[in-house]
Amino acid sequence: MQSACRSLSIAATGLAALEARFEDRDFSTTFLRVVGVIMQVRGRVIVTGIGKSGIVARKMTATLTSTGTPAIFLHPADAGHGDLGMITPDDVVLMLSHSGESTELGPIIQYCKRFGIPLAAMTARAQSTVAQAADHCMLMPEVEESCPNLLAPTTSTTVQMAFGDALAISLMEMRGFSADDFHKFHPNGRLGAQLIKIAELMATGNDVPMVREDATLLDATIEMTRARVGGTAVVDRNGRLIGAFTDGDLRRAVTGKQNLTEAVGRFMTKMPLAVAPDELASEALRLMHERNITLLFVCENGALVGALHMHDLLHAGVA
């Protein structure tokens, strides 16, 4: 237990040291230059590193790609066997190396210098080969590894990972990368489900139960039975939503021994809760839980355009 807590404490110290680096004028200026270079390139960010830095580089590549910055990982061992060809003049290379002296990175450095490819580096050693070769060098803080022997990359890779996230999020905000954009890149799984829009799940056209305000209770009952969603919208002559009539409303009307030929407008819930088609489905689910309802009507500029049932959300994995 003490070892685990010590490891976390050292990692936290390393992250605090990284945050403090951003208060250094030279570091922050270099960081902004790297962001500017990446924003301006027409190609991709080629992320590379060897060993544990290579694993971090893979994760960084995935984060950049999924947040709007095209990126690809280049394994240094494969670079000298043909994969250098994936680097184009429109790209920028981002090189990760804690020591800055990994020999496997040599061919990539030489290639960048020969063909004028912008090279940005992340290293903790200012006088290292990688730092001296880079066009833009972001010096990571010297941190204590949590390994008892001070050898296994632990804190240093945590710092690299956090810096990669900071870079990706900065680029994401610079690009104005929205939830809509995020959903395009994450259509599957739970994350994709949370980003689905109501318009993608709602019933439309003839599948939307609706009656006019002057329709009878019997008409409303028939419409609810047809749609099988536990309710019907009530609209005016212009198709604007003015009320909702549900199974509960029907039971209360029948209990009160009302004539089924009476107008549904007398028993409807006026100005019911409605949502817009471009809202997130997860927001609709939240509203349903808060109001203890299972059916929402969807309106655009006041006009009824759809209906969304709790079952639609559950089937889509929105939970």
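Residues numbered from 1 in each chain as written. Predicted model: local features only at pLDDT ≥ 70, side-chain atom pairs only at ≥ 80, totals over all residues. Heavy atoms only, no water.

A.B. asks: Let's hear about the sheet that holds strand 12 (residues 303–309): which residues, and what values?
C.D. replies: Across the sheet, 3 strands lie side by side as 10-11-12; this open sheet has mixed pairing. Across the chains shown, the open sheet's two edge strands, defined by having one partner strand only, are strand 10 (274–275) and strand 12. Across 2 bridges, strand 10 lies against strand 11 (residues 295–300) in parallel orientation. By the bridge assignment for strand 11, V275 is matched with V298. (Pairing = 2+ DSSP bridges. Helix = DSSP H or I, 4+ residues; strand = E, 2+ residues; numbered from the N terminus.)

A.B. asks: So what's going on with the pairing of strand 3 (residues 92–96)? Which residues, and what values?
C.D. replies: Burial of strand 3 is extensive: 5 of the 5 residues sit out of reach of the surface. Alternating residues of strand 3 divide into V92, L94 and L96 and V93 and M95, and every residue in both groups is buried. With 5 bridges joining them, strand 1 (residues 45–49) and strand 3 adopt parallel strand pairing. From the neighbouring strand, V45 faces strand 3, where its bridge partner is V92. For the crossover from strand 3 across helix 5 (residues 106–115) to strand 4 (residues 119–123), the handedness is right-handed. (Buried < 20%, exposed > 50% of the residue type's maximum accessible area, 1.4 Å probe, protein only. Right-handed = clockwise from strand over helix to strand, strands pointing away.)

A.B. asks: Report on helix 2 (residues 25–40), specifying residues and quantitative values.
C.D. replies: Taking 1.5 Å of rise per residue, 16 residues should cover 22 Å, and helix 2 covers 22 Å from first to last C-alpha, within 8% of that figure. Taken together, the buried positions of helix 2 are occupied by F27, T30, F31, V34, V35, V37 and I38. Buried residues of helix 2, viewed axially, fall in a sector of 160°; they line one side. Those residues of helix 2 that are exposed and angled more than 90 degrees off the buried face are R25, L32, R33 and Q40. For helix 2, the elements touching its buried residues are helix 1 (2–21), strand 1, strand 3, strand 4, strand 5 (136–139) and helix 7 (155–175). Of the residues that open helix 2, the one with a side-chain oxygen 3.1 Å from the backbone nitrogen of D26 is D24. (Expected span 1.5 Å × (residues − 1). Arc of directions from axis to C-beta. Contact = heavy atoms within 4.5 Å. Polar contact = N/O pair within 3.5 Å; in protein donor to acceptor, adjacent residues only side chain to side chain.)

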